[in-house]
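# Architecture at a glance
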Amino acid sequence: MKLKVGTTAAVAGAFAAGIIVGPLVAAWAQGAGDGGRAETYRLLQLFGDVFARVRAEYVEPVQDRDLVENAVNGMLTGLDPHSAYLNPRNFRDMQVQTRGEFGGLGIEVTQEGGYIRVISPIDETPAARAGIRPGDFITHLNGNSTQGMTLQEAVDQMRGERGTAIRLTVRREGEQRPLEISITRDVIRPQVVRFRLEGNDIAYIRITSFNEQTEVNLRRAMTTLRQQAGGNLRGVVLDLRNNPGGLLDQAVQVTDDLLEQGEIVSTRARRPEDAQRWNARAGDITQGLPMVVLINGGSASASEIVAGALQDHRRAVVLGTRSFGKGSVQTVMPLGGNNGAIRLTTARYYTPSGRSIQATGIEPDFEVRATRQDAQTAAAAPTRDREQDLRRSLRAEGANTPAPPTVTLPPLNLPASITERVQSQPPEGWPALDITKPETDFQLQQGLSLVRAMAANPQRRAQR
């Protein structure tokens with residue numbers, strides 16, 4: 001997630017070339033004692049020795065820039081799953097993506113088990129139209145194995161000019177053989193806010209990601225739905241399922257639009273003085289309508305901030321399954337000299353009640369599964385990967401951040417006649433999910449039923 005911008009410097013092949021870099025090394029060792037400074041010099045010399053050996057003796061000639069960029073990226077990816085080096089091209093791509101337009105397939109991915117795993121395809125993109133699903137593992141790109149590729153290398157290969165094609169080999173749960181899927185790249189302009197009226201009285205709003213256009217489009221959606229309902233709007237269903245996140249400021253603004261007051265989110269960094277807190281201003285664009293928020297294991301980062309704040313303040317009832325649990329802050333730091341940028345994890349997120357999102361996620365008020373599972377199939381089915389399952393993922397607490405206290409949220413204040421209606425899984429014979437047919441979406445139908453019941457039985461909500 002984009003939070004703040006700073007500057008730093010990249011290490012070039014100075015040691016092998018014999019360039020004096022005393023000021024840089026001194027800066028790295030600043031604050032350390034003589035022993036610490038000597039160790040820093042020794043480790044930097046190790047880097048220089050390896051650099052020189054590879055440069056001179058690798059089986060094929062290699063570019064100095066490639067060696068250094070690979071070393072820098074290895075340094076960052078060795079920290080956690082979300083820190084990385086962005087070369088100039090990738091840095092430009094990231095800036096384009098946050099503006100709401102980029103070239104490629106339209107797919108959000110992470111790395112797991114040495115392969116590339118799909119978090120979610122973006123609606124109405126080549127990947128979504130080709131049938132890519134959350135949880136798919138991409139094992140080959142144009143016949144080349146993704147085993148051993150960095151996440152950034154795989155993303156680079158999947159991006160490209162509009163009209164060019166790429167062949168993905170996909171391993172999918174329940175399929176005995178890998179799937180070969182050919183996708184033609186396109187300019188991706190994701191419609192990050194989709195909306196419609198359900199039954200002429202409930203506003204259904206789906207947010208697919210958080211880029212610079214999200215909050216503006218949310219306000220536009222709410223205005224349009226009010227006009228379409230002709231003053232008869234009775235509730236809101238906010239769908240954050242499979243939303244991988246995005247910009248922090250957009251998550252804050254979206255939450256601010258739905259709260260009258262109170263804290264939205266806070267961050268805690270390495271230094272206590274760098275902690276930050278965001279609070280809501282007066283003005284709820286829904287004017288206090290009952291609200292249900294839908295989440296699942298693909299809801300991550302910014303979407304967890306929104307769901308967690310609305311849940312803590314009891315502004316909305318959260319329904320679905322536990323979210324992904326990405327509660328870490330990535331700061332994008334541009335590097336000088338057209339050297340790209342680094343994306344570095346610098347803090348953890350906390351909900352208004354003090355709950356850590358990192359590696360824990362948001363637990364729904366009502367757990368409702370999308371598909372039916374009996375006890376036997378539930379025990380045999382693999383659990384969907386979440387942040388806590390990723391290699392080198394941060395824990396909820398660190399050296400300077402103690403374990404968050406156990407938090408008891410205010411009661412929902414919903415009568416039993418309402419809560420007892422919510423079913424945890426589809427009944428026997430429920431039709432298979434078809435995203436073009438909302439009536440087959442069991443979680444959505446439960447959310448609609450719940451928000452209508454809330455509208456018919458208004459209760460005093462506990463506010464924090």
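Residues numbered from 1 in each chain as written. Predicted model: local features only at pLDDT ≥ 70, side-chain atom pairs only at ≥ 80, totals over all residues. Heavy atoms only, no water.

### Brief notes about the overall build of the protein chain
Rules: Every helix listed is a DSSP run of H or I at least four residues long, and every strand listed is a run of E at least two residues long, numbered separately from the N terminus. Using a 1.4 Å probe on the protein chains alone, a residue whose accessible area is under 20% of its type maximum counts as buried, one over 50% counts as exposed, and one in between counts as partly exposed. We call two residues in contact whenever any of their non-hydrogen atoms come within 4.5 Å of each other.
Within the protein chain one finds 13 helices and 19 strands. The 464 residues of the protein chain split such that 49% are buried. For the protein chain, the share of sequence-separated contacts (at least 6 apart) that also reach a separation of at least 24 residues comes to 71%.

### Things to note about the nonpolar core
What counts, and what does not: In this description, a nonpolar core means a group of buried Ala, Val, Leu, Ile, Met, Phe, Trp, Tyr and Cys residues linked to one another through side-chain atoms lying within 4.5 Å.
Ranked by size, the top nonpolar core spans 45 residues in total, and within it Leu238, Leu240, Ile264, Val293 and Leu310 carry the most contacts. A per-element tally of this core places helix H10 (residues 302-312) first, with 6 residues. With near-sequence residues (within four places) excluded, Leu238 lies in contact with Ile205, Ile207, Leu258, Val292, Val293, Leu294, Val306 and Leu310.

### Observations concerning the sheet that holds strand S19 (residues 366-367)
What counts here: Here, any two strands with at least 2 DSSP bridges between them count as paired. Lines fitted to the C-alpha atoms define the axes, with helices restricted to the stretch that makes contact. Angles between their N-to-C directions range from 0 to 180 degrees.
Pairing is mixed in the open sheet, where 6 strands are placed in the order S10-S11-S12-S15-S16-S19. Looking at which strands have only one partner, the edges of the open sheet turn out to be strand S10 (193-198) and S19. Here S10 pairs with strand S11 (residues 202-207) via 6 bridges, running antiparallel. Bridging across to S11, Arg194 finds its partner in Arg206. Sitting on the sheet, helix H13 (residues 442-456) touches S10, S11, strand S12 (235-239), strand S15 (291-295), strand S16 (317-320) and S19, and the angle it makes with S15 is about 165°.

### Structural notes on helix H7 (residues 151-158)
Within H7, 6 of the 8 residues are buried, which leaves it mostly tucked inside the rest of the structure. When H7 is considered as a whole, its buried residues turn out to be Leu151, Gln152, Ala154, Val155, Asp156 and Met158.

### Considering unusual backbone geometry
Positive phi values are uncommon outside glycine, yet Gln287 reaches one of about 60°. Classification of Gln287 by relative accessible area gives exposed; the value is 64%. In this structure, Asn338 takes a positive phi of about 55° despite not being glycine. Within the secondary structure layout, Asn338 lies in the loop between strand S17 (328-334) and strand S18 (341-350). Exposure remark for Asn338: the relative accessible area of 58% places this residue in the exposed category.

### Structural notes on a nonpolar patch on the surface
Condition: What makes a patch is a set of residues exposed beyond 30% relative accessible area and free of salt bridges, joined within 9 Å when like-charged and within 5 Å when nonpolar (Val, Leu, Ile, Met, Phe, Trp, Tyr). Accessible surface area values rest on a Shrake-Rupley calculation with a 1.4 Å probe, where residue burial reflects the displayed protein chains alone. Here, a salt bridge means any Lys or Arg side-chain nitrogen found within 4 Å of an Asp or Glu carboxyl oxygen.
Where nonpolar side chains cluster on the molecular surface, the patch consists of Leu43, Leu46, Val50, Val54, Tyr58 and Val59 and spans about 560 Å² of accessible area. Secondary-structure assignment places Leu43 in helix H3 (residues 34-57). The class of Leu43 is partly exposed, set by a relative accessible area of 41%.

### A look at the environment of Thr164
Stated formally: N or O atoms within 3.5 Å of each other form a polar contact, as long as, within protein, one can give a hydrogen and the other can take it, and as long as residues adjacent in sequence are counted only when both atoms are side-chain atoms.
Note that Thr164 resides in the loop between H7 and strand S7 (165-171). For Thr164 and Arg185, which are 21 residues apart along the polypeptide, the C-alpha to C-alpha distance reads 5.5 Å. Once you skip the residues sitting within four places of it in the chain, Thr164 turns out to touch Ile183, Thr184 and Arg185. Here Glu161 takes part through its backbone oxygen, which lies 2.7 Å from a polar atom of the side chain of Thr164.

### Quick notes on H13
Under the convention used in this document: A helix is expected to span 1.5 Å for every residue after the first.
End to end, H13 covers 21 Å across 15 residues, agreeing with the expected 21 Å (1.5 Å per residue, within 8%). Two to three positions downstream of the cap, the backbone nitrogen of Gln443 sits 3.4 Å from a side-chain oxygen, assigning the N-cap of H13 to Asp441.

### Details of the confidence of the model for the protein chain
If pLDDT is low for a region, its predicted coordinates should not be looked at in detail. So the rule is basically this: Confidence scores labelled pLDDT are given residue by residue by the predictor and lie between 0 and 100.
Chain-level statistics for the protein chain give a pLDDT mean of 86 and a share of 87% at 70 or above. Ignoring residues within four places in sequence, the model shows residues 1-29, a span with pLDDT below 50, making 54 contacts including any to other chains. Confidence drops under a pLDDT of 50 for residues 460-464, and excluding neighbours within four residues, the segment shows 17 contacts in the predicted structure.

### What to know about the packing of aromatic side chains
Keep this limit in mind: Stacked, tilted and edge-to-face are the three classes applied to pairs of Phe, Tyr and Trp rings, where Trp contributes its six-membered ring and a pair requires centres within 6.5 Å; stacked means planes under 30 degrees apart, edge-to-face means over 60, and tilted covers the rest. Ring-over charges, as used throughout, are those where CZ of Arg or NZ of Lys falls within 6 Å of the ring centre and within 35 degrees of the ring normal.
The full count for this structure, using the stated rule, is 2 aromatic pairs. Arranged with centres 6.2 Å apart and planes meeting at 35°, the rings of Phe47 and Phe51 form a pair that is tilted. A residue pair is termed a helical-turn pair when its members lie 3 or 4 positions apart in one helix, as Phe47 and Phe51 do in helix H3 at 4 residues. For Phe47, a relative accessible area of 28% corresponds to the partly exposed category. Above the face of the Phe137 ring, Arg171 is positioned so that its terminal group lies 5.0 Å from the ring centre.

### So, the environment of Ala275
Position of Ala275 among the secondary structure elements: in the loop between strand S13 (263-269) and strand S14 (276-279). By relative accessible area, Ala275 is classed as partly exposed at 41%. Here the alpha-carbon distance between Ala275 and Arg348, two residues 73 residues apart in the chain, equals 9.5 Å.

### Description of the pattern of salt bridges
Under the definition given, this model contains 23 salt bridges. Arg219 is paired through a salt bridge with Asp257; the nearest N and O atoms lie 3.0 Å apart. Of this pair, Arg219 sits in helix H8 (residues 214-229) while Asp257 sits in helix H9 (residues 248-258), and the two are 38 residues apart along the sequence. Ionic pairing is found between Glu363 and Arg322, a salt bridge with its closest N-O pair at 3.5 Å. Taken as a pair, Glu363 in the loop between S18 and S19 and Arg322 in the loop between S16 and S17 lie far apart in primary sequence, 41 residues in all. Connected through shared salt-bridge partners, Asp201, Arg234 and Arg452 make up one network.

### What to know about the packing of H9 against H10
Defined as follows: Convention used here: angles under 35 degrees read as roughly parallel, angles over 145 as roughly antiparallel, angles from 65 to 115 as roughly perpendicular, and any remaining angle as oblique. Note on convention: near helix rotated counterclockwise from far helix by under a right angle means a left-handed crossing. Clockwise means right-handed. By the convention adopted, Pro, Cys, Tyr, Trp, Phe, Met, Ile, Leu, Val and Ala count as nonpolar, Lys, Arg, Asp and Glu as charged, and the other residues, Gly among them, as polar.
Packing of H9 against H10 brings their axes to within 9 Å, and their N-to-C directions diverge by 25°. In terms of orientation, H9 lies roughly parallel with respect to H10. Pair H9 / H10 crosses with right-handed handedness. The segment H9 lies against H10, with Leu248, Ala251, Val254, Thr255 and Leu258 engaging Ala302, Ile305, Val306, Ala309 and Leu310. Looking at side-chain class alone, the contact of H9 with H10 contains 9 nonpolar, 1 polar and no charged residues.

### Concerning the pairing of S13
S13 sits mainly inside the fold: 6 of its 7 residues count as buried. Pairing analysis gives 4 bridges linking S13 to S14, with the strands arranged antiparallel. Across the sheet, Glu263 pairs through a bridge with Asn279, a residue of S14. Sheet topology places S13 next to S18; 4 bridges connect them, and they run antiparallel. Residue pairing across strands places Ala269 opposite Ala347, the latter belonging to S18.

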